[in-house]
Amino acid sequence: MSSFPRFLPCLLILTTLLSACSTVKYTVDDGRKVNEGLLASLRMLGHGERALRPAIARSAALKDPECSRQWELPFSVATSYDWPEDDRVAWVRALQVDERLTVVAATADSGLTPGDKIVDIDGYAKRNSTKMLEELAELRDDGDPFPIKTAAGKTIVIKPFQVCRGYTRLAPPLTPGYQDFHWLMSIHPLEVFVPQVSADEALWMVLWTQGLSEEGGARMKTFHYSKEIVSTLFEVASLAVGLNAAAEAAKVAASQAAQAAAAAAAKQAGEAAAKQALQEAARSLAEQASRDYLQKVGEELGKTVARQAGNVLRDSFMARVGLSVSSLSWVATTVFDNADRWAYDRMMRLGGDPLAGASLHQKLLDRGLVRNAFVFDEERLRDYAELARQSQRAEMLTALLRGASLEVFALQLGEMPSVGDELAALELRAESDEVVPAAPGAGGLIDAMLRMPLESGSD
């Protein structure tokens, strides 16, 4: 009995230490000054997340047998794990996000609300939110229902759903101007959510991104894998002979390099000599193609400078963004018009307004926000007008682009005259045609994000 009091203080100390270790303090908004630029980007990201997530769920109703599929979740998450302390405060202030996996946006029937903290995913619980993200991505891609628990004690069964291939994602808040296109995912700059977008405009973004994957996936894959087989030197060379012939560029380069290597091997009768010849041939071809390609880019950018006071719609997406996107993205631009048609058709299938693409275009154009894929150039707008004419919406499109109210056309879906002459006469000018320097973006961001169930990057 006398020994019990002796060990009681030790037990009390141990209990206190264990209690302290089990109590994790998460970041709160203490009112400190934070990076205002980051704060603005986070708020814009939140607006985009809340607009896109219901649109992504809405696109699942297509059940389109013609498209490849991906699994999606009825919510998106983010975390400030591993961010600097001041930036973590900005995350809390803007989006209620702390170091835990935090819901940023959710569909109405998901059982979740923005700000919910996910602490357990099908029995998996880690303080490291990156590992939690990986677990969430794996369960998403399995496609089976799974339970999650929130910090408030709620247990919710999550049901992944299938959509057409092509994740719609947003730029990380530290690089709000970043954009990139891949057959599995497209990343759009945050500027597309500067204006308040409607539900149909958000749906247009989602369907357009899926359409880009469906219509351009084969071309992007051909370019990507041909480039990987030959050499990373052909990152630029593969586009030199024309954006619609990326595969041929790589094929010709590989053939010529192989021939040079074979000749050297026969002459030198040595593997080392053949390898060196292959490298030299590839380097020579790449350097020449690079010069041709950069000249082409210079001409495109020169057109922009020469037309600073001109109509921005004459500038292609390539001319507007220059070298700020990857070569794979340049290949993707060759099917932007196909993505427009794909989205237009499926907007009608879902009962949405197919002119949402035009209204989004006009909102962005009115604000001079033209460094994104949702502002049509002249050629794309002309093709879009033909789609409107075929669906008897030509006059409505003309009115929309002029800024007129569409209410008077609500019941006028009969035969309408062609919009060709009307569109040719329109002067759709942005407030500025200034080329804004591209925001930096880490190379390979898409590859890093493909396993993440995020609407945007957070690292």
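Provided above is the structure to which this section pertains.
Rules used in this analysis
Residues numbered from 1 in each chain as written. Predicted model: local features only at pLDDT ≥ 70, side-chain atom pairs only at ≥ 80, totals over all residues. Heavy atoms only, no water. Salt bridge = Lys/Arg side-chain N within 4 Å of Asp/Glu carboxyl O. Phe/Tyr/Trp six-rings, centres within 6.5 Å; stacked < 30°, edge-to-face > 60°. Buried < 20%, exposed > 50% of the residue type's maximum accessible area, 1.4 Å probe, protein only. Helix = DSSP H or I, 4+ residues; strand = E, 2+ residues; numbered from the N terminus. Lys NZ or Arg CZ within 6 Å of the ring centre and 35° of its normal. Pairing = 2+ DSSP bridges. Axes fitted to C-alpha atoms, helices over the stretch in contact; angles between N-to-C directions.

Observations regarding the pattern of salt bridges
Counted under the stated rule, the structure contains 19 salt bridges. Residue Arg100 pairs with Asp98 through a salt bridge whose shortest N-O separation is 2.7 Å. Within the structure, one salt-bridge network assembled from shared partners comprises Asp64, Glu66, Asp345, Arg346 and Arg349.

Quick look at the packing of aromatic side chains
By the definition in use, this model includes eight aromatic pairs. Note on Trp83 and Trp91: the rings are 5.4 Å apart at their centroids and 80 degrees apart in plane angle, and the pair reads as edge-to-face. As far as burial versus exposure is concerned, Trp83 and Trp91 are alike and both buried. With a centroid separation of 5.4 Å and an interplanar angle of 65 degrees, the aromatic rings of Trp208 and Phe374 are classed as edge-to-face. One end of the pair, Trp208, is in helix H5 (residues 199-230); the other, Phe374, is in the loop between helix H12 (356-366) and helix H13 (378-390), with 166 residues separating them in the sequence. Comparing Trp208 with Phe374, the two get one shared label, buried. Among the aromatic residues, those joined into a ring-pair cluster are Phe181, Trp208, Phe336 and Phe374. Here Arg100 stacks its cationic end above the ring of Tyr26, 3.9 Å away from the centre of that ring. Between Arg346 and the ring centre of Trp342, over which it is positioned, the NZ or CZ distance is 3.9 Å.

Some points on the sheet that holds strand S4 (residues 117-121)
Here five strands make up an open sheet; going across it, the order is S2-S3-S4-S5-S6 and the pairing antiparallel. Here the strands that pair on one side only, and so sit at the sheet edges, are strand S2 (75-78) and strand S6 (155-158). Strand-to-strand twist of the sheet, defined as the mean angle between neighbouring strand axes without regard to direction, takes the value 45 degrees. Looking at chain direction, strand S3 (residues 101-106) and S4 are connected through two bridges and run antiparallel. Bridging across to S4, Leu101 finds its partner in Ile118.

No statement about biological role is implied by the geometric values presented.
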